[in-house]
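One letter stands for each residue in the lines below.
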Amino acid sequence: MTKAVLFDFDETLQDRTAAFEKYMDTFMAQFFPKLDEAEKLKRRQDMVDTGNGGYVDREEWYQGLIDKWAWTDSPGKTVLADHYDTLFGCHNVIFEGSIPLLKELRKRGIKTGVVTNGPSILQHMKMENSGLMPYCDILVVSGDLPFAKPQPDIFVYAAEKLGLTPEECVYVGDHPINDIEGALSANMKAIRMNWGWFENQDLRPDVPTITDIYDVLKHI
């Protein structure tokens, strides 16, 4: 019997691709306010193409963009990485079904929570601004811990925080390794949110696949 459903955040409870578009609006307005629109569009595309859906070393990523754009008066990779970590979380785009789903799960007596990788300040900022926290029993952020997805430890830790075993939990995420393989390695059931950067990559016949987060209810 399922006693808890745990979620990844980006591309699972929120449309990270859309949120990144909003962040780039802020980024361009702050750092390139006088740039012509064609060049802004080109640089935005550079950010998307090199950003790997957020799975990058932030400082290395920004240094690559500084070099690519010959950005001689940039504030530097560390300042830019901090800009991302402190401001990206103000640009959430939560899927329409996320809050109704969390409400319905809790109505059924099923515990809920988010288990997410990333720097502590960034992921806590996202969740604090997401509107989801009132409907979650726990928030587990890898930046607060000595382990991260796909290590089974973080999934076991989340289950234990809820007073449950991993076998009593379902994990929902978009990443084929960090989320799906990680959850399965901890003996959790898994549901694949087929969305975003990893859409249609490494789908598994033994793992249910959804494209609407509310459809979690069909698989628990």
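As a reminder, the structure under discussion sits directly above these lines.
This one's a predicted model, so the numbers in the text were calculated from it and none came from an experiment.

Draft legend 1. Just the pattern of salt bridges, in detail. As enumerated under the stated definition, the model contains 14 salt bridges in all. When the shortest N-O distance is used, the salt bridge between Arg-106 and Asp-137 registers 3.3 Å. You can see Arg-106 sitting in helix α5 (residues 98-107) and its partner Asp-137 sitting in the loop between α6 (120-130) and β3 (138-141), a full 31 residues away along the chain. By relative accessible area, which is 39% here, Asp-137 ends up partly exposed. In this structure, Asp-179 and Lys-149 form a salt bridge, with 2.7 Å as the shortest nitrogen-oxygen distance. Highlighted residues: Asp-179 in helix α8 (residues 176-185) and Lys-149 in the loop between β3 and α7 (152-161), separated in sequence by 30 residues. In this structure Asp-179 comes out as buried when scored by relative accessible area, which is 0%. The exposure class assigned to Lys-149 is buried, which follows from its relative accessible area of 5%. Among the charged side chains, a network of salt bridges with common partners joins Asp-8, Lys-149 and Asp-179.

Draft legend 2. Region of the structure containing the environment of Asp-46. Mapped onto the fold, Asp-46 is located in helix α2 (residues 37-51). On the basis of relative accessibility, which here comes to 10%, the residue Asp-46 falls in the buried class. When the C-alpha atoms of Asp-46 and Leu-203 are compared, they prove to be 27 Å apart, with 157 residues separating the residues in sequence. Apart from the residues lying within four places of it in its own chain, the contact partners of Asp-46 are Leu-65, Lys-68 and Trp-69.

Draft legend 3. Region of the structure containing the packing of aromatic side chains. Throughout the structure, instances matching the rule amount to 21 aromatic pairs. Seen in terms of ring centroids, Phe-27 and Phe-31 are 5.0 Å apart; in terms of plane orientation they differ by 55°. Their pairing is tilted. Of this pair, Phe-27 and Phe-31 both sit in helix α1 (residues 16-31), four residues apart, which is roughly one turn of the helix. Phe-31 shares its class with Phe-27; the two are buried. Through a chain of ring-to-ring contacts, the aromatic side chains of Phe-20, Tyr-23, Phe-27, Phe-31, Phe-32, Trp-61, Tyr-62, Trp-69, Trp-71, Tyr-84 and Phe-88 assemble into a single cluster. One Lys or Arg, Arg-16, reaches over the ring of Phe-20 and ends 4.7 Å from the middle of that ring. Geometry around Phe-32 places Arg-43 over its ring, the cationic atom sitting 4.8 Å from the centre.

Criteria and thresholds
Residues numbered from 1 in each chain as written. Predicted model: local features only at pLDDT ≥ 70, side-chain atom pairs only at ≥ 80, totals over all residues. Heavy atoms only, no water. Salt bridge = Lys/Arg side-chain N within 4 Å of Asp/Glu carboxyl O. Helix = DSSP H or I, 4+ residues; strand = E, 2+ residues; numbered from the N terminus. Buried < 20%, exposed > 50% of the residue type's maximum accessible area, 1.4 Å probe, protein only. Contact = heavy atoms within 4.5 Å. Phe/Tyr/Trp six-rings, centres within 6.5 Å; stacked < 30°, edge-to-face > 60°. Lys NZ or Arg CZ within 6 Å of the ring centre and 35° of its normal.

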